[in-house]
Amino acid sequence: MILGRSLLRNAVLYPDRRAIISEDGAVLTHGAFADRVWRLASGLAQRGLGKNDRIAVLSQNSADYLCAYFAIGSLGAWMVPISTVLKVADVDFRMDHCEAQALLVSGRFAPLVSGLRDRVRRRLLDRIFVFDGAPAEYIAVAELLANGKPKPSDVQISPSDILYIGYTSGTTGTPKGALVSHGAIVSGFLYKALDYGVTDADVTINAGPYWHSAPRDFAALALYLGGTSVVPSGFDAEQYLELVERYRVTNSFVVPTMLQMLLASPGIEMRDISSMRCLISGGSPLPTIVKERVLSRFGTALTEFYGATETRIITSISAAELNARERSVGRPIRDVELRILDSSGNEVPRGEIGEVFVRGPGLFSGYYKDPERTRAAHRGEWFSLGDMGRRDEDGYLYLVDRKNDMIISGGENIYPNEVEEVLRRFPGVKDAAVIGLPDELWGEIVAAFVVPESDASPDSQALIEFCARHLPAYMKPRRIDFAATLPRNAVGKVLRRELREPFWKNGEARI
């Protein structure tokens, strides 16, 4: 149950089998992959890095990203995946909060380092390693590989040891660092293999960004089992379909927005994608209209799951079940338990709506340096993502709302408070409230209700551009409405549900 332990086995059994195929056609066999991982781990150790040290990774998808994941895990260090779409201040917060002692970065993002605070850069010292095109002041990963030893690390690691910190958005603008153990990841691998029938003969492609846990871990699952992972640097619908055809890809993780783009691509009818046996949708609920179109094109290959960084996979549902149970995200996978509780912690009857709590081997180990929010999300051994749902008589789960007002747009988690804080800094804005509105392509889009300070409303486009300068692109509002007041309860809290109601009233599900 340790990430990296399977490399020796795969190198012995499948030394010449393709482990990673990059978008340019470059291949790493399992023998070469193991050698590269071991050399990188050894090179990092020679630089004074080891168990429980935090090593951040800021890069687009690549073979080197997956090598870094396994190498850091082999050292017993903690990987800290950093989103490539964040502003410098957001990267700085994460690097400071986790007290990162090293950074692995691709050349295109290396200039960002100069914008980090002095104390963050001082902690990194001479441990900024660049995958490609290293500036003179930093160290090339190639140097680590050249000096590293091609043998497995002998660090003692237990399944409960932390593998990575996955940062999620915070309800008050402060991101939370979810601590994920080796045991949680590897148990997730095994359950995915069982539920989706993945073996060492499969070929996978996962074009979502690897700083997200799901695409990274579906790619790593293939390497763990001894299969093949096709690694594009990002998602492009035409390229994705061409790679599926060329390498006879058998399984893939996608988010609903990617499915929409695939369906709209001319290549969907031109490419031979008959090899795709398992197309796994996750990140946000699959809209019914999209589901129907995907089923008509991919048939029984489609499956959907519900999960998160903190939980791994919670439920799964097959194509046949999707046809019969609209909007359901399925039933719990093996060894995972669900409870639907009311505000007093009592289990609600089947069919009634309550907060979804989960218990199982894939649960995270808490939020880093945040015991208060860790406690708030738990009831004993049971953990909640803040989703509201119901179960039918056969145990199928239906998500209907979010307790914490989180927006999911294109698979990205967005908390309204963060956007509202930026909007309120704009001249002429007195107050603001942000909600998610239904959207066929993105699932939800960010919409803002703004209260002007005077009768003259600020310019909508200027407001959106202001947000774009201070927030990641996916978080900026796509729509702005002006209002005289915002609905509030007796203690002054904005009632976002009232703002959402007119836009979601025609459907049971509010996510």
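In this text the structure is predicted, and so the values were computed from the model without any measurement. (Residues numbered from 1 in each chain as written. Predicted model: local features only at pLDDT ≥ 70, side-chain atom pairs only at ≥ 80, totals over all residues. Heavy atoms only, no water.)

A.B. asks: Any chance you could explain the packing of aromatic side chains here in plain terms?
C.D. replies: The relation between two aromatic rings is expressed through the spacing of the ring centres and the mutual angle of the planes. As enumerated under the stated definition, the model contains 14 aromatic pairs in all. An angle of 80° between the planes, with centres 5.4 Å apart, marks the rings of F33 and F70 as edge-to-face. Residue F33 is found in helix 2 (residues 30–46), and its partner F70 is found in helix 3 (residues 63–75); the two are separated by 37 residues along the sequence. Assessed through its relative accessible area of 0%, F33 is described here as buried. The class of F70 is buried, set by a relative accessible area of 0%. Between Y69 and Y164, the ring centres sit 6.4 Å apart and the planes meet at 70°, which makes this aromatic pair edge-to-face. (Phe/Tyr/Trp six-rings, centres within 6.5 Å; stacked < 30°, edge-to-face > 60°. Helix = DSSP H or I, 4+ residues; strand = E, 2+ residues; numbered from the N terminus. Buried < 20%, exposed > 50% of the residue type's maximum accessible area, 1.4 Å probe, protein only.)

A.B. asks: Would you mind showing me how to read the nonpolar core here?
C.D. replies: Soluble globular proteins tend to pack their nonpolar side chains together in the buried interior. Ranked by internal contacts, the top residues of the largest apolar core, which has 116 residues, are F33 and Y240. For this core, the leading source of residues is helix 3, giving 10 residues. Sequence-distant contacts of Y240, defined by excluding residues within four places in its chain, comprise I205, A207, F235, S252, V254, L262, M276 and L279. (Core = buried A, V, L, I, M, F, W, Y, C linked by side-chain atoms within 4.5 Å. Contact = heavy atoms within 4.5 Å.)

A.B. asks: What am I meant to see in a nonpolar patch on the surface here?
C.D. replies: On the surface, a cluster of nonpolar side chains totalling about 290 Å² of accessible area is made up of L8, V12 and L13. Within the secondary structure layout, V12 lies in helix 1 (residues 6–13). (Patch = residues over 30% accessible without salt bridge, like charges linked within 9 Å, V, L, I, M, F, W, Y side chains within 5 Å. Areas by Shrake-Rupley, 256 points an atom, 1.4 Å probe, with all protein chains shown as cover. Salt bridge = Lys/Arg side-chain N within 4 Å of Asp/Glu carboxyl O.)

A.B. asks: Just to check I follow, could you spell out helix 17 (residues 496–504) for this structure?
C.D. replies: Along an α-helix, residues three or four apart share an orientation, since each turn contains 3.6 residues. Taken residue by residue, helix 17 has R496, L499, R500 and W504 as its buried positions. Projection of helix 17 onto a plane perpendicular to its axis shows the buried side chains occupying an angular sector of 120°, all on one side. Structurally, helix 17 contributes buried residues whose contacts are with strand 21 (397–402), helix 15 (416–423), strand 24 (429–439) and strand 25 (443–452). (Arc of directions from axis to C-beta.)

A.B. asks: What exactly am I supposed to notice about the pattern of salt bridges here?
C.D. replies: Two side chains that carry opposite charge are able to pair once their charged atoms sit near each other. Overall, the coordinates contain 29 salt bridges when judged by the stated rule. In this structure, R359 engages E337 in a salt bridge whose closest nitrogen and oxygen atoms are separated by 3.0 Å. Here the residue R359 occupies a position in strand 18 (residues 354–359), and E337 occupies one in strand 17 (residues 337–341), the gap between them amounting to 22 residues. Each of D92, D96, R117, R119 and R123 takes part in salt bridges that share partners, so that together they form one network.

A.B. asks: What is the right way to read unusual backbone geometry from this model?
C.D. replies: With the exception of glycine, the majority of residues adopt a negative phi angle, and the majority of peptide bonds are in the trans configuration. In this structure, L125 is a non-glycine residue whose phi angle is positive, near 50°. In this structure, L125 sits in the loop between helix 5 (118–124) and strand 6 (128–130). Located in the positive-phi region is K369, a residue other than glycine, with phi close to 55°. Of note, K369 is situated in the loop between strand 18 and helix 14 (371–376).

A.B. asks: Is there a simple way to explain the packing of helix 7 (residues 182–196) against helix 8 (residues 213–225) in this structure?
C.D. replies: The geometry of helix 7 relative to helix 8 is characterised by a closest axis approach of 10 Å and an angle of 85° between their N-to-C directions. Considering their axes alone, helix 7 and helix 8 lie roughly perpendicular with respect to each other. Across the interface between the two elements, I185, V186, F189, L190, K192, A193 and Y196 of helix 7 pack against D217, F218, A220, L221, Y224 and L225 of helix 8. Per-class residue counts for the contact of helix 7 with helix 8 are 11 nonpolar, no polar and two charged. (Axes fitted to C-alpha atoms, helices over the stretch in contact; angles between N-to-C directions. Parallel < 35°, antiparallel > 145°, perpendicular 65-115°, else oblique. Nonpolar A, V, L, I, M, F, W, Y, C, P; charged D, E, K, R; others polar.)

A.B. asks: Honestly, the pairing of strand 20 (residues 382–391) in this entry has me stumped. Any pointers?
C.D. replies: Regular strands show a simple pattern: their side chains alternate between the two faces of the sheet. Extensive coverage of strand 20 is indicated by the burial of 10 of its 10 residues. Of the pairings in the sheet, the one linking strand 18 to strand 20 comprises four bridges and is antiparallel in character. In the strand pairing of strand 20, F357 is matched with S384. Examined bridge by bridge, strand 19 (residues 378–379) and strand 20 share two bridges and lie antiparallel to one another. Paired with H378 across the bridge in strand 20 is F383. Hairpin geometry of strand 19 and strand 20 is characterised by an intervening segment of two residues between the two adjacent antiparallel strands and by a positive phi of about 65° at G380. In this sheet, strand 21 lies alongside strand 20 in antiparallel orientation, the contact comprising five bridges. (Pairing = 2+ DSSP bridges.)

A.B. asks: What exactly am I supposed to notice about the sheet that holds strand 24 here?
C.D. replies: To summarise the sheet geometry, strands pair through backbone hydrogen bonds and adopt either a parallel or an antiparallel arrangement. In spatial order, the strands read 24-25-26; together these three strands make up an open sheet with mixed pairing. Looking at which strands have only one partner, the edges of the open sheet turn out to be strand 24 and strand 26 (479–482). The mean angle between the axes of side-by-side strands here comes to 25°, regardless of whether they run parallel or antiparallel. For strand 25 and strand 26, the ladder comprises four bridges, and the chain directions are parallel.

A.B. asks: What should I look at first to understand the environment of S59 in this one?
C.D. replies: Position of S59 relative to the elements: it lies in the loop between strand 3 (54–58) and helix 3. Under the relative-accessibility criterion, S59 is labelled buried at 2%. Remark: the alpha-carbon pair of S59 and F131, spanning 72 residues in sequence, is separated by 8.5 Å. Not counting residues up to four positions away in its chain, the partners in contact with S59 are Y65, T84, S106, F109, F131 and W211.

A.B. asks: Hey, could you run me through the side chain of S181 in this one?
C.D. replies: Along the chain, S181 turns up in strand 9 (residues 176–181). Residue classification places S181 among the buried positions, given a relative accessible area of 8%. A polar contact of 3.0 Å, which involves the side chain of S181, links it to the backbone nitrogen of A184. Residues within four places of S181 in sequence aside, it is in contact with P159, S160, D161, I162, L163 and S365. (Polar contact = N/O pair within 3.5 Å; in protein donor to acceptor, adjacent residues only side chain to side chain.)

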